[in-house]
Amino acid sequence: MGIEDNNRSTDELKAQIAVWTTLRTRGEIKRAGKELDRNASMKEALISYLAGEGWAVSSAEAGKKLIRRLLDREANAQVRKNPIHLNESFLCIFCGQQIDLPKEGIRDHCPLCLRGRHVDIVPGDRAADCRGCLQPTRFELVGGTVWIEYACTTCPHIYRVRAHPEDQIPHSLSVVDLPKSV
Ligand SMILES: [Zn+2]
Ligand SMILES: [Zn+2]
């Protein structure tokens, strides 16, 4: 592919991303996904865009899934500008404890077993309809703060969140040492 072709496809992708980010309903995303499945070069361009943003994506994924990942990403980028926070107490999906509101911030995972439920697109918005179990995949210590990386066990959603002071992080910082079941 020549440089001119490359620039043209980048422009096309940018224009297409602008359209995709206006999609709201499942039906709209599904239709756009089908179109994407028929357009191999656009699909490839979106995959390399998502990969460049640090997402592990495979070309075997359906177009609608790729577009959903893109929308998740854009929504996450939006959160600092436009936070929507509906904080509420919840019953832990994994260990069954009733979890109360934190003193400050948003609590989206259980402080005891650290599992969460996939209910947010943007942290705190409760706008995802997946409801799957969010499983910690990695702990990372950054400048004295622990970050928890999550993967949904039901869908491809992944994200990372700052741990709360009351979270029971394993001393080993290894997910192997998480409570197995309660
Ligand atoms: Zn729990
Ligand atoms: Zn999910």
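Note that the coordinates shown come from a computational prediction; the quantities given were computed from them, not determined experimentally.

Definitions and cut-offs
Within any chain, residue numbers begin from 1 and follow the written order of that chain's sequence. Chain letters and ligand numbers both follow the written order, the letters beginning at A and the numbers at 1. Given that this is a predicted model, residues contribute local features only at a pLDDT of at least 70 and side-chain atom pairs are listed and counted only at 80 or more, while totals for whole chains, interfaces and linings are drawn from all residues. Strands are runs of DSSP state E lasting at least two residues, helices are runs of H or I lasting at least four, and both sets are numbered from the N terminus onward. Working definition of burial: number of other C-beta atoms within 10 Å of the residue's own, with buried at 20 or more, exposed at 12 or fewer, and partly exposed in between, all C-beta atoms being placed from the backbone. Note on contacts: residues are paired as contacts if their backbone-placed C-beta atoms lie within 7 Å. Strands were regarded as paired on the criterion that DSSP finds at least two bridges between them. We define a nonpolar core as a collection of buried residues of the types Ala, Val, Leu, Ile, Met, Phe, Trp, Tyr and Cys that are connected via C-beta atoms lying within 7 Å of each other. Each residue carries a pLDDT value, the predictor's own confidence for that position, ranging from 0 to 100.

Trainee: An account of the overall build of the protein is needed here, citing residue identities and associated values.
Mentor: Along its length, the protein carries four helices and six strands. Counting across all 182 residues of the protein, residues that qualify as buried make up 19%. A sequence separation of at least 24 residues applies to 43% of the contacts in the protein between residues at least 6 apart.

Trainee: Quick one: what's the story with the pairing of strand 5 (residues 145-152), residue by residue and with numbers?
Mentor: Direction of pairing for strand 4 (residues 133-142) relative to strand 5: antiparallel, over a ladder of eight bridges. Bridging from a neighbouring strand, Arg 138 pairs with Glu 149 of strand 5. Between strand 4 and strand 5, which pair antiparallel one after the other, the connecting turn spans two residues, and Gly 143 there sits at a positive phi close to 50°. For strand 5 and strand 6 (residues 158-162), the ladder comprises five bridges, and the chain directions are antiparallel. Pairing of Glu 149 across the sheet is with Arg 160, part of strand 6. Between strand 5 and strand 6, which pair antiparallel and follow one another directly, the connecting turn spans five residues.

Trainee: Lay out the nonpolar core in plain terms, naming residues and giving numbers.
Mentor: Of all hydrophobic cores here, the largest spans 11 residues; its members are Cys 92, Phe 94, Cys 110, Cys 113, Leu 114, Leu 134, Phe 139, Ile 148, Tyr 150, Tyr 159 and Val 161. Each residue touching Leu 134, except ones within four places of it in the same chain, is listed here: His 109, Arg 115, Gly 116, Arg 117, His 118, Tyr 150 and Cys 152. In terms of nonpolar packing, the next biggest core, distinct from the first, is built from six residues, Trp 20, Leu 36, Ile 67 and Leu 70 among them.

Trainee: Can you break down the sheet that holds strand 6 residue by residue, with the values?
Mentor: Pairing in this open sheet of four strands is antiparallel, and the strands run 3-4-5-6 from one edge to the other. One side of each edge strand has no neighbouring strand; the edge strands of this open sheet are strand 3 (116-117) and strand 6. The sheet contact formed by strand 3 and strand 4 spans two bridges and is antiparallel. Residue pairing in the sheet places Gly 116 in a bridge with Leu 134 of strand 4.

Trainee: Quick one: what's the story with unusual backbone geometry, residue by residue and with numbers?
Mentor: Even without a glycine there, the phi angle at Leu 114 is positive, about 70°. Positionally, Leu 114 belongs in the loop between strand 2 (98-99) and strand 3. Within the chain, Arg 131 stands out as a residue other than glycine whose phi angle is a positive 70°. Checked against the element boundaries, Arg 131 lands in the loop between strand 3 and strand 4. On the basis of neighbour counts, which here come to 12 C-beta atoms within 10 Å, the residue Arg 131 falls in the exposed class.

Trainee: Any chance you could break down the environment of Lys 14 for me, citing the residues and the numbers?
Mentor: When you line up the elements, Lys 14 lands in helix 1 (residues 3-20). Here Lys 14 falls in the exposed class, since 11 other C-beta atoms lie within 10 Å of it. Lys 14 sits 35 residues away from Tyr 49 along the chain, and the two C-alpha atoms are 10.0 Å apart.

Trainee: Describe the confidence of the model for the protein, listing the residues and the values that go with them.
Mentor: Detailed conclusions should not be drawn from predicted coordinates in areas where pLDDT is low. Per-residue pLDDT for the protein has a mean of 82; in total, 81% of the residues score no lower than 70. Below a pLDDT of 50 lies the segment residues 79-86, which in the model reaches 11 contacts outside its immediate sequence neighbourhood of four places, other chains included.

Trainee: Give a detailed account of the environment of Phe 90, specifying residues and quantitative values.
Mentor: Structurally, Phe 90 is set in strand 1 (residues 90-91). For the pair formed by Phe 90 and Asp 100, sequence separation is 10 residues and the distance between their alpha carbons is 6.9 Å.

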